[in-house]
Amino acid sequence: MKTHEKYIKRCIQLAKNGLGTTYSNPLVGCVIVHNDSIIGEGWHYQSGKPHAEVNAIASVKDHSLLKDATIYVSLEPCSHFGKTPPCSNLIIEKGIKKVVIGTIDTFAKVSGAGIQKLMNAGCDVIVGVLENECLALNKRFFTFHNKKRPYIILKWAETADGYIAPVTTNKRKPIWITNTYSRQIVHKWRAEEQAILVGSQTVIKDNPKLTIRDWAGQHHPTRIVINRSGKIPKDSAVLDQSVKTIIITSEKFKQKNSDTLIYEVIDTQENLAKEICNILYKHNIQSVIIEGGSYTIQSFIDKNLWDEARVFEGNTTFGTGIKSPLLKGNLISEQKIMTDTLKTYQND
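Named according to an unreviewed UniProt entry, the protein chain is Riboflavin biosynthesis protein RibD originating from Aquimarina atlantica. Reading the Function (unreviewed entry) entry of the UniProt record for the protein chain gives the comment "Converts 2,5-diamino-6-(ribosylamino)-4(3h)-pyrimidinone 5'-phosphate into 5-amino-6-(ribosylamino)-2,4(1h,3h)-pyrimidinedione 5'-phosphate."

Here you go:
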């Protein structure tokens, strides 16, 4: 079992190379081993492109070794025809008889069918190696398909005395609480998630672009903006149509959709967070970072619609201002980033 864990760990490591580029597909890594030596590796890096198993098999120089090899994969091989052929079919065609899988794929189109197909073909299949780690790897994918909503990450920065923003500001630009290194990490996170959401007050006060500028080589996340009151200025950066943007508004302020600017009407006053989740699910968004403001973040906390919270604490103080959100969660990590402290919480 220790040997199996070693190679599944490598699968997880490979799979993470696709974070931010595989949507709407899951992250998957694959390793092929012959006589305790890795002879092939691969991961899935983009939806519509070859899956991890295909890439791993293609990397093997001598395919005659496959019949005596073991294939390790972090997620159950698919058994259905989508944008690409089923990976379980390929494994069978190549004569690979030993298959070790991290976790079953609970997605309805797979959900055990790939494993059953392999077993029916005479493959020796082991399932559940480092299962929790493999489930965590695809927390976005599983949350979307099982809970019918995106994986929700709350993010904010607060001062040492617990404020998220000053009471007022006369300039339409952000007042930084954190240092440049922390801000670079935030841009990295934006590259990893499908969407980023803010409320109207954040747009009015800070005029953020909500794009990736301090991290290269990735696509910008879809911008989600709550503007039910119609108060967002027309010259706001989020309305520049440079990036796909969804405006959540009321019927009164709805406008004609374009390719990059989409209006979604919402009327509820009781469960705004739930209605937003429904809209994001409709647009096939598997993950979202909610960056503010305090009222918007708190609305998701109060309805228990969050999975992870990432909270920066700077070394500045405001003395007075808008208090940071009130959160109860399991603190899973704490790290220093120069003068800042980053705390990560998980919703139990």
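Caption draft 1: Molecular detail of the packing of aromatic side chains. Counting across every chain of the model gives four aromatic pairs. Between Phe141 and Phe142 the ring centres are 5.8 Å apart and the planes differ by 70 degrees, which places this aromatic pair in the edge-to-face class. In this pair, the class of Phe141 matches that of Phe142, namely buried. Between Phe144 and Tyr281, the ring centres sit 4.7 Å apart and the planes meet at 35 degrees, which makes this aromatic pair tilted. In this pair, Phe144 sits in helix α6 (residues 139–147) while Tyr281 sits in helix α9 (residues 272–282), placing the two residues 137 residues apart along the sequence. The class for Phe144 is buried, based on a relative accessible area of 5%. Cation over ring: Arg183 sits above Trp176, and NZ or CZ is 4.4 Å from the ring centre. Looking at Lys323, its charged tip hangs above the ring of Tyr163, at a distance of 4.6 Å from the centre.

Definitions and limits used
- Residues numbered from 1 in each chain as written.
- Predicted model: local features only at pLDDT ≥ 70, side-chain atom pairs only at ≥ 80, totals over all residues.
- Heavy atoms only, no water.
- UniProt positions renumbered as here; feature names shortened; annotations may be inferred.
- Phe/Tyr/Trp six-rings, centres within 6.5 Å; stacked < 30°, edge-to-face > 60°.
- Buried < 20%, exposed > 50% of the residue type's maximum accessible area, 1.4 Å probe, protein only.
- Helix = DSSP H or I, 4+ residues; strand = E, 2+ residues; numbered from the N terminus.
- Lys NZ or Arg CZ within 6 Å of the ring centre and 35° of its normal.

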